[in-house]
Amino acid sequence: MREYIEFSEITGFSKLFIDYIKNFEKVSEFYSGDPFREESWEAIQNSINNQPKVKNKLIKILEKQNTNPKAVENIKYLKGEDCFAIVTGQQPGIFTGPIYTIYKALTAIKLSESLKEKFGYNFVPVFWIESNDHDFEEVKYVNFINKNKSLSSIKYNPVSEFINKPIGEILFDGEIDNLLEIFYDQLNDNDFKPDIIELLSKCYTKHTSIACSFGMLMSILLKEKGLIMLDPSDKELKSLAADIFLKIAENWKELNTINIQNYSKLKELGYKPEIKIRENSLNLFYHISGERLPISVDNNNFIIGNNKLKMKRQELLDNIIENPENFSPNVLTRPIMQDFLLPTISYVAGPTEIGYFSQVSETYKFTEVKMPIIFPRVSATLINNKIKNILKRSDISPSRLFTEKDLLKDKLTEKFIGQEITELFNKNRKNIEETHKEISSAAESVDITLKHGVDKSFGKIFYQFSKIKDRFEKKIQEKHNIIKTQTEETNDFLFPNGKIQERKLNVFTFISMYGVKFVLFLFKEIDIYSKSHQLIFLEKLLNKE
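Scoring rules and cut-offs
- Residue numbers run consecutively from 1 along every chain, following the written order of its sequence.
- Where totals are concerned, whole chains, interfaces and linings use all residues; where local detail is concerned, this predicted model gives features only for residues with pLDDT of at least 70, and gives and counts side-chain atom pairs only at 80 or more.
- As a rule here, side-chain values cover all heavy atoms of the structure and leave hydrogens and water aside.
- To qualify as a nonpolar core, a set must consist of buried Ala, Val, Leu, Ile, Met, Phe, Trp, Tyr and Cys residues joined through side-chain atoms within 4.5 Å.
- Partly exposed residues are those whose accessible area sits between 20% and 50% of the maximum for their type, while under 20% is buried and over 50% is exposed, using a 1.4 Å probe and protein chains only.
- Elements are defined by DSSP. Helices are runs of H or I of four residues or more, strands are runs of E of two residues or more, and each kind is numbered from the N terminus.
- By definition, residues are in contact when any of their heavy atoms lie within 4.5 Å.
- Strand pairing is assigned whenever DSSP identifies at least 2 bridges connecting the two strands.
- The axes are straight lines fitted to the C-alpha atoms, using for helices just the contacting stretch, and the angles between their N-to-C directions are given from 0 to 180°.

1. A short note on the nonpolar core
Of all hydrophobic cores here, the largest spans 164 residues; its most connected members are Tyr31, Phe95, Phe183, Leu200, Tyr204, Phe508 and Phe518. For this core, the element with the most residues is helix α5 (residues 100–119), which contributes ten residues. The residues touching phenylalanine 183, leaving out its near neighbours within four places in the chain, are Phe95, Val142, Phe144, Ile154, Leu200 and Phe508. With six residues, the next largest nonpolar core counts Ala443, Val454, Phe462 and Phe465 among its residues.

2. Some words on the sheet that holds strand β2 (residues 83–90)
Hydrogen bonds between backbone groups are what pair the strands of a sheet, and the pairing can be parallel or antiparallel. Taken in spatial order, the five strands of this open sheet run β6-β3-β2-β12-β13, and their pairing is parallel. The sheet is open, and its two borders are formed by β6 (228–230) and β13 (373–376), each paired with just one other strand. Here the strands of the sheet are splayed against their neighbours by 30 degrees on average, with no regard to which way each runs. Note that strand β3 (residues 122–129) and β6 share three bridges and pair parallel.

3. As for the sheet that holds strand β15 (residues 533–537)
Sheet architecture is open: three strands sit in the order β1-β15-β14, paired in mixed fashion. Two strands close off the open sheet at either side, each with one partner strand: β1 (2–5) and β14 (380–383). Averaged over neighbouring strand pairs, the angle between their axes works out to 20 degrees when direction is ignored. Sheet analysis places β14 next to β15, joined by four bridges and oriented parallel. Bridging across to β15, threonine 381 finds its partner in leucine 535. Taken strand by strand, helix α23 (residues 517–525) contacts β1, β14 and β15, and its axis lies near 130 degrees from that of β15.

Below you can see the structure in the form of C-alpha cells.
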C-alpha cells in the first residue's frame, strides 16, 4: 500500500529540486534531458562514449572488486557496445548509513530493469563507493529504532583520530567490536536477530576498511540484483583517470570561470547553488602522508592543503602522469571522472546531488564527457502497522504530519482533556473576544489612541489566557503518559531528530523488524517513476512485526 505527498509540502527540499521534478523546462539548460520523458532516453543512447581501451581495463578492475555471481554476470555485459551503466553512489556509511543509500541502490537496479525492458539493450546498475571522501564524522553514526521503540544513535569511536584521511583507507580497530555489541544489545529480541548478528559480524571485523565492509554488506543485501560495486580509490582505476585529471589541472582557470558563470546564472534564476565556488581551487585533492588535501593555485604555484607542500605547474602535471593514485576529484569533478570511466547513461541522485549536477553541466561540455540523465532516487517514508494504528485512532492521515508536526500530540491531548474543559475554554475565549470588541468600539468613539491602548491590553489578556490553556494541556499530558509515549514513538519513527525518516534511520531498523526479506519487499514496493514523496505501509509484513 502506498500514498504520495508533494515535495513542496515537506521542509528541506530545494526550489531547484522541486522544479527539476515538476517543471523541468525551467532548469533544462543545466541538464542533459528530462528523466521522465522517453525521448530523452532515446536521444542520449547514441551519444554515450564506449571507450574500448578504458573499458577493457575497467572490466578487469571490476571483476577484481566484485565476487557476487550476479554482479560478475553484469560486468560481462559491459564488454558489449550495447550496454549502458546506471550509476549511483554514496560515502560508505557504517551498516550502510541512512536508508536513502538503499533507496539509491534499489532505484538504480529497478531503473536498469525498466530500461532494458523498454529499449532492449543491456543496462547494468553500478554503485560508486565514495571511498576517497574524508568526512569521517559524516559516516561514523548509526541511527535506528531500538527494541524499546525509541531512537538510538551510536557511533564508531576509534582509538586514533582520523583528520583528512580518506574513508577507504580507514581500517577498523578493536572498537568496532564494542560498536557491534552495543548495537546487538539494542536490537529486537526476535527470530531475525541471530541472522543480523551473523551478517554484520561477517562484514565488520577488525583490520577491514570501512569501504570494504560497506561494499560487502551492500552486495549481500542485494545479492540477487547484480549490483556492481566500484571503489574508485583503486590505484589501477586512478591510472585510467589520469587523462581526465590532467585536463582538469591544465584548464583549471577556464573551468572555474565557467563554474562561476553557472553559479551566477543559477542565483539570477532564484536558485540557491549547493556548492560554493572557490576561484583559486584546482578542484582536485592530493593524497599525502595519509591525508587528502585540497589543491589551490597561487601565482602559478600549486598549494597542497595549508601550505603543506608546493609544486610548480609542470611538477604537478608530471605527478599526475607518474602517480595518479595520489589524486582524487572533488565534488565538482567526481562526476566527470565517473562518466569518463563508465558508459553512464544515467546517474541516480538524491535531491542535493541534483543541485550539484546543475553546477557541473558546463564542465561536462568543456571536458568533452557526456553528461548522463540525472534520475531522482526514490524518496520514501515507511510506516509500520503500529504507527498507522496510532494515527488511525486519532483520525490523522500520515501525510498531515509533514505539515502539522504537533498534530498527534494536540489530538491526544484534546482527547484526554475532556469535552467539558474544552468547551469551558472555548466559551470563555469567545466571551473575552466579545468583551474586547465592545470596549474597543467604545474607545474608538472617544479617541483612536485610546482604542490602540485597549487593543494592546487585550492582546496581553489573550496571551495570558493561552498560557493558562497551555498549563492545563501540559498537566493533562503529564497525567496521561500515553500522550508522551505515542507522540515520541511516532516522531522518532517518522521524523527522527526532526528530519524526514530517510535521512536518519538505518535500514537495520526495518531488517530487525521483518528480516532481510524486507529489502526485497522494498524493491517491489517503490515506485521509481513517481514525482512525489512516497508513504509506504508495511502491512504485508505484519505477520513478522
